[in-house]
Amino acid sequence: FKFPSASPSHSVWTNSFVQFQFFGAGGLLAIHLRNRRLKIPLWMRAAIAAVGFGAFYIAAMRCGILVYSSPSRSAFLLGYACVLAGCVLIFVSFLDAMQRPIPVVTYLGKISYGLYVFHPWALALMFHPSTTPVRHGHLVVGDAVALLLTIGLAILSYEFFEKRVLLFKKHFEVVRSEERRVGKECRSR
């Protein structure tokens, strides 16, 4: 879809091919890393993450991905390649890094759908064009408040809506996975 009033960066971001590159990269990583554990020293993980965040910086500040202007097509292509590289590098830097899960991170994973859904709303609320702060300090505060608002809305959504939907879907399961495994074992005897 093309929205005439949308900024070029939003028009490109909503393009299916731009989105498919992230799904494709995730799928290729899953295939490549299947049943493998990454044993990377901590210093190298930090370096990989730093390069990933550097790629984000290049995409935003040098290629104009987050700017409401009209960068060239080559800048957009390079910018989204940097975003993809940054995502992959940061993901790899954290993969298999911890022996035990951190409860807060695990809970954020449970509410991740709500984080995804409510984050644009929280940002729009904090940075409405009529109230967009100009000074950098206000941007940091606005981002922090938007993040807290996003997490709060995601928690409410998960606790009062999503949990009930997840329980409700069990009524439609025909055979649970454990029962299916036991059934196969009985038939093989």
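Scoring rules and cut-offs
Residues numbered from 1 in each chain as written. Predicted model: local features only at pLDDT ≥ 70, side-chain atom pairs only at ≥ 80, totals over all residues. Heavy atoms only, no water. Helix = DSSP H or I, 4+ residues; strand = E, 2+ residues; numbered from the N terminus. Buried < 20%, exposed > 50% of the residue type's maximum accessible area, 1.4 Å probe, protein only. Contact = heavy atoms within 4.5 Å. Areas by Shrake-Rupley, 256 points an atom, 1.4 Å probe, with all protein chains shown as cover. Lys, Arg positive; Asp, Glu negative; His and termini not counted. Salt bridge = Lys/Arg side-chain N within 4 Å of Asp/Glu carboxyl O. Polar contact = N/O pair within 3.5 Å; in protein donor to acceptor, adjacent residues only side chain to side chain. Axes fitted to C-alpha atoms, helices over the stretch in contact; angles between N-to-C directions. Parallel < 35°, antiparallel > 145°, perpendicular 65-115°, else oblique. Left-handed = near helix turned anticlockwise from the far one by under 90°. Nonpolar A, V, L, I, M, F, W, Y, C, P; charged D, E, K, R; others polar. Disulfide = S-S within 2.5 Å. Phe/Tyr/Trp six-rings, centres within 6.5 Å; stacked < 30°, edge-to-face > 60°. pLDDT = per-residue confidence, 0-100.

Take the overall build of the chain next. For the chain, the count of helices and strands is 8 helices and 0 strands. In the chain, the succession of helices and strands from N to C terminus is α-α-α-α-α-α-α-α. Counting every position in the chain, which comprises 189 residues, the buried fraction comes to 22%. Contacts in the chain between residues at least 24 apart in sequence constitute 70% of all its contacts with a sequence separation of at least 6. Carbon and sulfur atoms provide 70% of the accessible area of the chain, an area that totals close to 14600 Å².

Moving on to unusual backbone geometry. Leaving glycine aside, a negative phi is the common case for residues, and trans is the common case for peptide bonds. With a phi close to 60°, Asn-35 is a non-glycine residue in the positive phi region. For Asn-35, the location among the structural elements is in the loop between helix H2 (16–32) and helix H3 (42–62). Since its relative accessible area comes to 75%, Asn-35 is described here as exposed.

Turning to the side chain of Glu-162, a few remarks are in order. Considering the arrangement of structural elements, one finds Glu-162 in helix H7 (residues 136–169). Look at Glu-162: it is buried, it has no salt bridge, and the nearest opposite charge is Lys-163 at 10 Å. Of note is the side chain of Glu-162, whose polar atom sits 2.9 Å from the side chain of Ser-157.

With their axes 11 Å apart at the nearest point, H2 and helix H4 (residues 73–94) run at an angle of 30° to one another. Taken together, the axis directions place H2 and H4 in an arrangement best described as roughly parallel. Seen along the crossing, H2 lies across H4 with a hand that is right-handed. Each of Val-18, Gln-21, Phe-22, Ala-25 and Leu-29 in H2 lies in contact with H4, whose residues at this interface are Tyr-80, Val-83, Leu-84, Cys-87, Val-88, Phe-91 and Val-92. Across the contact of H2 with H4, the residue classes tally to 11 nonpolar, 1 polar and no charged.

Attention now moves to the state of the cysteines. Under the counting rule described, the total for this entry stands at 0 disulfides. Unpaired in terms of disulfides, Cys-82 finds its nearest cysteine sulfur in Cys-63, a separation of 5.1 Å.

Okay, the pattern of salt bridges next. By the definition in use, this model includes 2 salt bridges. With a closest N to O distance of 3.5 Å, Asp-96 and Arg-37 form a salt bridge. Here Asp-96 is found in the loop between H4 and helix H5 (103–110), whereas its partner Arg-37 is found in the loop between H2 and H3, with 59 residues between them in sequence. By relative accessible area, which is 23% here, Asp-96 ends up partly exposed. Notably, a salt bridge pairs Lys-163 with Glu-159, separated by 2.8 Å at the nearest N-O pair. Of this pair, Lys-163 and Glu-159 both sit in helix H7, 4 residues apart, roughly one helical turn. When its relative accessible area of 34% is taken as the criterion, Lys-163 is described as partly exposed. Residue classification places Glu-159 among the partly exposed residues on the basis of a relative accessible area of 26%.

By the definition in use, this model includes 4 aromatic pairs. Aromatic pair Tyr-107 and Tyr-158: ring centres 6.1 Å apart, planes at 90°, arrangement edge-to-face. Here the residue Tyr-107 occupies a position in helix H5, and Tyr-158 occupies one in helix H7, the gap between them amounting to 51 residues. Residue class for Tyr-107 comes out partly exposed when judged on its relative accessible area of 26%.

With 76% of its residues at a pLDDT of at least 70, the chain reaches an overall mean of 80. No element of the chain has a lower mean pLDDT than helix H8 (residues 177–188), at 56, and none a higher one than H3, at 91. Low pLDDT (under 50) marks residues 1–6, which in the prediction has 2 contacts with non-local residues, meaning those over four places away or in another chain.

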